[in-house]
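Here are the chains, one letter per residue:
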Amino acid sequence: MASGIKADDEALQHFKDFKMKKKFSYIVYEVRDEMIKVLAAPEPGRPLSDLMDYLLDVKDDARYAVFMLTYNDSSQTLRERLGFISWTPNSCPIKKKMVYASSAVNLKQSLHGINFSVDAHDADDLEMESLIKAASRYASA
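Predicted, not measured: the structure shown is a model, and the values here were computed from it. (Residues numbered from 1 in each chain as written. Predicted model: local features only at pLDDT ≥ 70, side-chain atom pairs only at ≥ 80, totals over all residues. Heavy atoms only, no water.)

A. How the structure looks around the overall build of the chain. If you tally the helices and strands in the chain, you get four helices and five strands. Relative to the 2.2 N^0.38 estimate, which gives 14 Å for 141 residues, the radius of gyration of the chain is 14 Å and therefore close to what a compact globule would have. If one aligns the C-alpha atoms of the chain with their principal axes, the spans along those axes are about 45 × 30 × 30 Å. Buried residues in the chain amount to 42% of all 141 residues. Restricting to contacts in the chain with at least 6 residues of sequence separation, those with at least 24 account for 60%. With the model as given, the accessible surface of the chain reaches about 7,600 Å², and the carbon-plus-sulfur share is 50%. Counting 19 positive and 21 negative side-chain charges, the chain places the centres of these two groups 6 Å from one another. (Helix = DSSP H or I, 4+ residues; strand = E, 2+ residues; numbered from the N terminus. Rg over C-alpha atoms; globule rule 2.2 N^0.38 Å. Buried < 20%, exposed > 50% of the residue type's maximum accessible area, 1.4 Å probe, protein only. Contact = heavy atoms within 4.5 Å. Areas by Shrake-Rupley, 256 points an atom, 1.4 Å probe, with all protein chains shown as cover. Lys, Arg positive; Asp, Glu negative; His and termini not counted. Charge placed at Lys NZ, Arg CZ, Asp CG, Glu CD.)

Right under this line is the structure:
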C-alpha cells in the first residue's frame, strides 16, 4: 500500500450527506483497494457509544471515523463539534499504522468542516472526557 491514499468519491459524498443532510449517525472509513472507502454509515439515532464500541472491537486493523460530538462546555453552553478519529490501536501492525497516519492528512483535508481530530490508540483516547477536551481546544483556538 502506498502512503497518502485518497478517499474515493462515495466516501466524500457520504461525508457531505452526513454534514449537510444529517443522513447518518457517524461514518467509519477503511483503507481498501488503495482507496479510503466507507465501511459503515448507520442511520441517524445511534448513540456515539456505538461508534466507540465498534472501534474498540477493531484490534489488528485501523479505521477513520467522523462523528458529531454534542456536549456542554465549562460555562454549560451546549456545543456541537464535528470530529475526526484516526483509530490505530496499539496492537495494529506498524505498516498499517504508517499508512493510516500518512493518509489521515489527505482525508481530513478532503472533509471540509472538521472541527477537531483525535489520534486514538486505546480505550482512554475514546473516552467522552478525552473527546470533549479535544473539542474544547478547538473552541478556544
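B. Seen up close, unusual backbone geometry. Even without glycine at this site, E34 takes up a positive phi of about 65 degrees. With respect to the helices, strands and loops of the structure, E34 is situated in the loop between β1 (26-32) and β2 (35-40). Positive phi values are uncommon outside glycine, yet Q76 reaches one of about 65 degrees. Locating Q76 in the fold gives a position in the loop between β3 (63-72) and β4 (78-87). Judged by its relative accessible area of 58%, Q76 falls in the exposed class.

C. A look at the nonpolar core. Core analysis: the biggest nonpolar cluster contains 23 residues, and Y29, I36, Y64, V66, F84, L107 and L111 have the highest contact counts within it. Breaking this core down by element, the ones donating at least two residues are α1 (9-21), β1, β2, β3, β4 and α3 (94-110). Looking at this core element by element, the count peaks at four residues for α3. Judged by nonpolar contacts, the second largest core, of 20 residues, contains L51, A65, I85 and A120. (Core = buried A, V, L, I, M, F, W, Y, C linked by side-chain atoms within 4.5 Å.)

D. View of the pattern of salt bridges. Inspection of the entire model under this criterion finds eight salt bridges. With a closest N to O distance of 3.8 Å, K23 and D17 form a salt bridge. K23 sits in the partly exposed class, given a relative accessible area of 43%. In this structure, the salt-bridge partner of D61 is R63, at a minimum N-O distance of 3.1 Å. With relative accessibility at 10%, the residue R63 sits in the buried group. Where salt bridges share partners, they join D17, K21 and K23 into one cluster. (Salt bridge = Lys/Arg side-chain N within 4 Å of Asp/Glu carboxyl O.)

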